[in-house]
Amino acid sequence: MALFKTFAPEFLPWLLLSTFQEVIIKVSLPLMLGYVVRYFQGDPLIGRQWAVWAAVGIVLASILDRFVINHITFCNTLRMGMRMRVATSALIYRKSMKLSRSSLGKTTVGQILNILSNDVNRFDEFSYYSHSLVVAPLQSALILYLLWGQLGWACLAGMAMLVLFVPFLLLVGALFRRIRQKTALLTDRRIRVMNEIIAGMRVIKMYTWEKPFALLVSDTRKSEVKRIRNSNFLKGLNLSIYFLLPRIIIYPCLLMYVLMMNNNDNNGRLTADVVFVTVSYVNTMRLMIGKGVPYVIAATNELVVVIRRMEEFLSLDDIKHIDGKVDNTGNDSVNSCSNVEEKGVLIDNMTARWSNNVIEPTLKNISVCVKAGQLLAIIGSVGSGKSSVLMSVLNEMILSSGDSLRVTGRLSYAPQESWAFIASVRDNILFGQPYDEHRYRRVVEVCALDRDLKLFPYGDRTLVGEKGVLLSGGQKARINLARALYREADIYLLDDPLSAVDAHVAKHIFQKCIVDYLKDKARILVTHQIQYLRKAHKILVLDEGRCVALGSYDELRESGIDLMSYQQTTTPDNHTNLVSTGPPLPMNGSMIFTPSLVSSTISDGGSDIRSHDVVDDDIVSIIESTAISLDDPQIKAENKIVGSLDSTIYWDYIKAGAGPMLMSTTVLMVLLSQILYQGSDYWLSYWTNNNQNTDDNENQYIYVYTGLIVCLYVTSLLATVTFYMMCMRASIILYKRIFSTLLRAPIHVFESSPAGRILNRFAKDTGIIDEQLPSTAFDLIINLGLMIGNLVLNATVNWLLVFPAIILLILVYMCRYFYIRAARDIKRMEGLSRSPIYSHVSNTLAGLSTIRSLDGQRMFERQFECHQNDNTATYFMFLCTSRALGVLMDSVCLIYIAAIVAFVMSVSDGDTMSGGSAGLLLSSALMLTGTAQHGVRCSTDLESYMTAVERVLEYTHIDPEADLESPADRKPGAGWPQSGGIEFVDMSLQYAESPEPVLKRLTLSLRGGEKIGVVGRTGAGKSSIIAALFRLTEPNGQIFIDGIDVGCIGLHDLRRQISIIPQEPVLFTGSVRKNLDPFDEHPNDELWAALDEVQLRDVISQLPGTLDGQVTEGGSNFSVGQRQLVCLARAILRDNKILVLDEATANVDHQTDALIQRTIRHRFRNCTVLTIAHRLNTIIDSDKVLVLDAGQVVEYGAPHKLLEESPDGLFAQLVSQTGKHMASRLRQTAKHYYSHKFDVQFDERESENNISI
């Protein structure tokens, strides 16, 4: 109703103009045609002057119809549909920005992308023939009245067919609605799965899970294609009706006229004026009744489904608005916070949950107060509700009635899971705020970003990739913190910003930023790094959502609270069994070089921390230099193919859809149907001419005409079925090809392309190939056949008409040639401009909490509008150019009509030309006007839609990884590897598009069963070791595992034998069972045993369905720590001789870290364990430490030996940088482990300085 009220006033003028065109102008053409035909029949009542005026009227009415009205109405109705699409797209995006956390659990990214990519296109389709619903009944009623005067009672036979046609169309429309309802849900699911696959491709490759995901997508695709096939057959049926409708109506009319009517003038014989005026009237109805009504009924039913889906989405609950005022009211007396006007946060007996569907609340009876100038630290184990407290302050959670939460002042928030968007570093920090040079420089300094800006190729104007893919974990965390600090606020919510940075950086940030820079602000800090708790004014200790203790550090120590039990290496706190605050992102990690989205790549060499508070001149020079030294970097543009479409694109599409038999059958049926269609018109002309000259028996003419019509019906039906079979087979095969190619593509393809760019192929481009391309191609075949058939038919009447036909074809080809060059590129640009929309939507949903907390909704809405405006501009340009082509084509056709009319009227009397021939020429020429321009436009639309095929085929040409399976002569034995020994021989690694190798000529040996820690500064190449070992990027040189060169065996044979616990714990939508064992290789008791070992049995047992319980999108119903434990369970089930930990304990607390370490020592005690670490306490007790710097091995040996023998070495420097107390503890641990392992006694005294917090 809202759409109707908004756009109906705009639509009404064009509806009235279209009604005038269809009901008055077009209906007048057969009337004037009848005068001309009757003149050539020798009707004494029609003189030559009347015939000439009627002929002139035909030309003038055609000009008025095509030039003045037709293109104006079509262009404006299509513009209205475009505006409806744009308006609803903006509405959907804005709604997604307002969704509550519980509402986000009821929808998926796939559903939102499907609405924006496919569903909204129904508005364009509906608007195309929307006026038919009003115009068609009026036009039909007037034509029925006129046919009554022409045929008498016989016209009712044709009208009876038309009446029967209406319930048939309603039935087809209902089928369209049912099919669209099912198809939309299946497409949602497929796009969601594809989004997860693209996001988690690194994990999929390392786990060798390509096959189960291929089966999952294949099953979803089969169900979707089944519905799309049915929909396409119905569309084909509608187009066949458009093709056959004149014959469906004309045949019974003429048959009844001959058999039942007794005309006194001609004794029941057919005459040319009866036949061709009837044909012309029916052809007038053809567009409205044959195409417009079926099209708009189908579009309306599909649109009803789309609107209902949108209404369901728009009906989801919104988050309550926070504007810095009191959010809920309640008891004011909590501790000393009775002055509600003072800036700060007051929580009084608060109980909160993430969703009303959850019985057990996440937070229970929490009471705390934070005033301006106070620092509240929140600690607790994983799942205790620390981040939930911050989310409740941000109003992201549902508060129980009667609870009190007062927020007085402006909020700013630094999330635990770092998030960034595609823009410069400066824009990520400013986040839409005005640039204040002094404040910006100060924020950069206190967030320890000064040295990073020096190292970035474009300074603070360096582009950040999608979700910060080009930044290290520490860089992302510090940029997120800087973003929160730059915003002038009264209350700062900091969700564990210290865990993602090195110890010395964390110390700098805590002192310079949290303590000093924000000293006058209310601060709530979530952390497990209890060495900083002394400076907190209050400490809130949580356990399972309840307040265990609240007070200062000394008060808690005096009350007996063991703060050491809450210490953690890194502490991302997530709620359990609820919607998470966002998809998992890296918390730390060395910079993994990936092919850049920008012209240069980012590297991080750590941060040079200064001890003073003032902003020094170095930072000023850094920021100023970025404005003058380099041009602005640009996002790496998507490849844009230029020039005409290669003929191989068409041939590849045809080959994909049809074998020799199907192709031959389709071509034969199409040709036969066109020959029979034109043959029936020719037979009518022959019939009426003979009736004018002889008294032959009418029965033989009826039999032949009946046979032609029956054969036409059969061949048309077969042509429709075979053609759509060919198109659907092509769609299925092309999808299989691009998906299989994508699964085999190297990892750099995914890391160098925004997700929206890849999703565009599987969303919009696939939708075009599935649904729009087949109908457009079939429509082209029909119109092209009609156009050529009419020209040939006219030429058979008089050979002189061959010459204007040839001229017409030449002019048509020239018009198309000049138009298609522009239209093709415009359509390509329209396809390219869609990708940023999908990337923007996906990225927005990933950082929704951050955007809302920083009031960035309007900025992101404007960015979405910019992307949508770019896409809409190209679409409207395409719309206008297609209308321009229509005007040009109609001009050419009107010249042809004028030539035919002039030729006909140049004949002096009916002796030279019969009435049947004159009627055939003029009726064919009139039908040619719309048919020619529509046919040429269909041909250009087809080429435009073929760019979607081109874009899909472009991805099928991506060079794949090495073979998955080994050749028979190189396949490793069943027991390989026996010990897990790894040897690197002159191994180097260089990423695609990287100017320099990131690993350089590594030569070292790792004995089987050793525990090796890999350390180095950020950017040293630590994580590149994993890329080389798994051959995610093919290394140069050799890597041997138990004597076998891994470069000579299949990727699956290699990757199956290496277990990994990744830094980012990735779970996929589906059952717990499929997340643990997608190949169904392990029985239930083994799965439960693995879950027991990681202490997840109770958690999984509480899920509905236990092992078959569902994991929601992104694993959001598990905490980050639990996701990490699921990854450990996967490693236990694989039971390999080699285990790789990529900062696996970065996302868990101290207790979970201890559990993982104990499990690894127990289950993998005889395995080679390679630990990529950024915190030295996780690898200080390793057998050996591999120290990397700038991609080279600088030290390798036992930790204690390296510290003792190389006191000035890099490893010793890294230890010293952790601080005096931590360095002493690390040295003692290394010494103790060395003594224990090698049974070595040390004489030196142990340090008397017992390190305590």
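Heads up: the structure comes first, above all this text.
Residues numbered from 1 in each chain as written. Predicted model: local features only at pLDDT ≥ 70, side-chain atom pairs only at ≥ 80, totals over all residues. Heavy atoms only, no water.

**Focus on the pairing of strand E24 (residues 1192-1197)**
Test applied: DSSP calls a pair of strands paired once it identifies at least 2 bridges connecting them. Comment: elements are numbered from the N terminus, with helices defined as DSSP H or I runs of at least four residues and strands as E runs of at least two.
Pairing of strand E23 (residues 1184-1189) with E24, which is carried by 5 bridges, proceeds in the antiparallel orientation. Paired with Leu1186 across the strands is Tyr1196, a residue of E24. In this structure, the hairpin formed by E23 and E24 is closed by a connection of 2 residues, where Ala1190 is found at a positive phi of approximately 55°.

**Observations regarding unusual backbone geometry**
Along the chain, Trp976 connects to Pro977 via a cis peptide bond; the corresponding omega equals -10°. Along the chain, the position of Pro977 falls in the loop between helix H28 (915-956) and strand E13 (982-989). The phi dihedral of Asn395 falls on the positive side, at around 70°, and the residue is not glycine. Along the chain, the position of Asn395 falls in the loop between helix H11 (386-393) and strand E4 (398-399). With a phi angle near 45°, Thr1106 is a residue other than glycine that sits in the positive phi range.

**Here we look at the packing of helix H1 (residues 2-40) against helix H6 (residues 132-151)**
Inclusion rule: Here the axes come from fitting lines to C-alpha atoms, over the contacting stretch only for helices, and the angles between their N-to-C directions go from 0 to 180 degrees. Put simply, angles under 35 degrees are roughly parallel, angles over 145 are roughly antiparallel, angles from 65 to 115 are roughly perpendicular, and the rest are oblique. Crossing handedness is defined as follows: a turn of the near helix away from the far one that is anticlockwise and smaller than a right angle gives a left-handed crossing, while the clockwise case is right-handed. Contact criterion: two residues are considered in contact whenever any of their non-hydrogen atoms come within 4.5 Å of each other. Side-chain classes follow a simple rule in which Ala, Val, Leu, Ile, Met, Phe, Trp, Tyr, Cys and Pro form the nonpolar group, Asp, Glu, Lys and Arg form the charged group, and the remainder, Gly included, forms the polar group.
Contact geometry of H1 with H6 gives a least axis separation of 10 Å together with a crossing angle of 25°. Looking at the two axes, H1 sits roughly parallel to H6. Crossing handedness for the pair H1 and H6: right-handed. Across the interface between the two elements, Leu15, Ser18, Thr19, Glu22, Val23, Val27 and Leu31 from H1 touch Val134, Val135, Leu138, Gln139, Leu142, Ile143 and Leu146 from H6. The residue inventory of the contact of H1 with H6, partitioned by class, reads 10 nonpolar, 3 polar and 1 charged.

**Details of the pairing of E23**
The pairing of strand E15 (residues 1011-1015) with E23 spans 4 bridges and is classified as parallel. Paired with Val1014 across the bridge in E23 is Leu1186.

**Here's the deal with the pattern of salt bridges**
Where we set the bar: Basic side-chain nitrogens of Lys or Arg form a salt bridge, by our definition, when they fall within 4 Å of a carboxyl oxygen of Asp or Glu.
With the rule as written, the count across this model stands at 47 salt bridges. Between Lys26 and Glu22 there is a salt bridge whose closest N-O contact spans 3.2 Å. In this pair, Lys26 and Glu22 both sit in helix H1, 4 residues apart, roughly one turn of the helix. Close ionic contact of Asp188 with Arg309 constitutes a salt bridge, the shortest N to O distance being 2.9 Å. Of the two residues, Asp188 sits in helix H7 (residues 155-199) while Arg309 sits in helix H10 (residues 272-314), which places them 121 residues apart along the sequence. Connected via shared salt-bridge partners are Arg122, Glu125, Arg180, Lys235, Glu302 and Glu771.

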